Amino acid sequence: MYKRQDKRKQRHIVTIVGYRLDKKDINKNRSTFNLKTVADRILRLYVHNDQIGPYTKIGFDEGENNSPYVIQTNWIGTKFEDVIYDSLLVPVKKYIRIRYHNVSAAINKLDEPIIEAFSQINVELEWDIYLDKGTNYKRDILDTKIKNSDKIQIITESFPKYIWIARLRSYSNDKESKVELDIIYDSSESPSNFCLHRVYFFNREIGKTLVKILDNETNSLWTVSYTHLTLPTKRIV
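Rules used in this analysis
Residues numbered from 1 in each chain as written. Predicted model: local features only at pLDDT ≥ 70, side-chain atom pairs only at ≥ 80, totals over all residues. Heavy atoms only, no water. Pairing = 2+ DSSP bridges. Helix = DSSP H or I, 4+ residues; strand = E, 2+ residues; numbered from the N terminus. Buried < 20%, exposed > 50% of the residue type's maximum accessible area, 1.4 Å probe, protein only. Core = buried A, V, L, I, M, F, W, Y, C linked by side-chain atoms within 4.5 Å. Contact = heavy atoms within 4.5 Å. Arc of directions from axis to C-beta. Expected span 1.5 Å × (residues − 1). Bend = angle between axes of the 7 residues up to and from the residue. Axes fitted to C-alpha atoms, helices over the stretch in contact; angles between N-to-C directions. Parallel < 35°, antiparallel > 145°, perpendicular 65-115°, else oblique. Nonpolar A, V, L, I, M, F, W, Y, C, P; charged D, E, K, R; others polar.

Draft legend 1. Representation of the sheet that holds strand 1 (residues 2-3). The 6 strands are arranged 1-6-5-4-3-2 in an open sheet whose pairing can be described as antiparallel. Every interior strand has two partners, whereas the edge strands, strand 1 and strand 2 (14-21), have only one.

This is the structure in structure tokens:
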């Protein structure tokens, strides 16, 4: 990584160690798809810079003339300046074959009927898509505000070692969040033919409405998505 205006192109190696979210505006949308995701609200990254030290800030700014967002940093206390990165490395286990873009594309297909299912409720919806260990997901469920019966069912089930979790939250006018559903993918599946591992509807009425919407869908893409939703999975509805 180096400053755009640096003619010598003095490069820095940085390691991302944290981030800061915009907690006020959940309507921000910078995704390739139309999904609203938690990642879209990242305001700043905190990195360890090999030449400066820890907790260097990296921010984002809108490019000119509707160009993509640019990366900026304020090395050594200077004002934020545009930087260019040569490469981005994300280490993962070799048997994790499903990538983020595979999951986000699949969720994008389900997003429209899910929005329709929530159309009678005045809430904002937001996805959180992330990779984690199955054991960590169970620990997270214990701290999630859902029914105890749902917690017991989830923590007593078997999961692959690494899973992709697509969690849908709803936000009411007072910005209180509520977990509505979790969609689980086995990260070791083949990217060309992967399907859902589990679907948990924590809002029973919304779950039943969504199933009815998908039942009425005739488009082949939705049919494939719905087949994946019902046959290989267990659901709480």
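Draft legend 2. Representation of unusual backbone geometry within the structure. Here the phi dihedral of Y55 falls at roughly 65 degrees; this positive angle occurs in a residue that is not glycine. Following the sequence through the fold, Y55 ends up in strand 4 (residues 53-61). Under the relative-accessibility criterion, Y55 is labelled exposed at 62%.

Draft legend 3. Local environment of the nonpolar core. The biggest cluster of nonpolar side chains holds 25 residues, and the ones touching the most others in it are I107, I114, W127, I129, I183 and Y185. The element that contributes the greatest number of residues to this core is helix 1 (residues 100-117), accounting for 6 residues. Discounting chain neighbours no more than four positions away, the residues touching I129 are L35, Y100, V103, S104, I107, W164, I165 and A166. Core analysis: the next-biggest nonpolar cluster, separate from the first, contains 11 residues, I154, F159, I184 and Y200 among them.

Draft legend 4. Structural view of helix 2 (residues 134-142). Those residues of helix 2 that fall on the buried side of the exposure criterion are G134, Y137 and I141. For helix 2, the arc enclosing every buried residue in end-on projection is 50 degrees, short of the 170-degree limit, so these residues lie on one face. Residues of helix 2 that are buried sit in contact with strand 7 (124-133), helix 3 (148-155), strand 8 (162-171), strand 9 (177-186) and strand 10 (196-201).

Draft legend 5. Examining helix 1 more closely. Between its terminal C-alpha atoms helix 1 stretches 25 Å, which fits the 26 Å expected from 18 residues at 1.5 Å a residue. In helix 1, a bend of some 40 degrees at D111 exceeds every other bend along the element, and P113, a proline, comes one to four places later. Within helix 1 the residues assigned to the buried category are N102, V103, S104, A106, I107, L110, D111, P113, I114 and A117.

Draft legend 6. Spatial organisation of the packing of helix 2 against helix 3. Closest axis-to-axis distance for the helix 2/helix 3 pair is 10 Å, and the angle between their directions is 170 degrees. The angle between helix 2 and helix 3 places the two elements in the roughly antiparallel class. Contact with helix 2, carried on its side by Y137, K138, I141 and L142, involves K151, I154 and I155 of helix 3 and no other residues of that element. Of the residues that constitute the contact of helix 2 with helix 3, the class distribution is 5 nonpolar, no polar and 2 charged.

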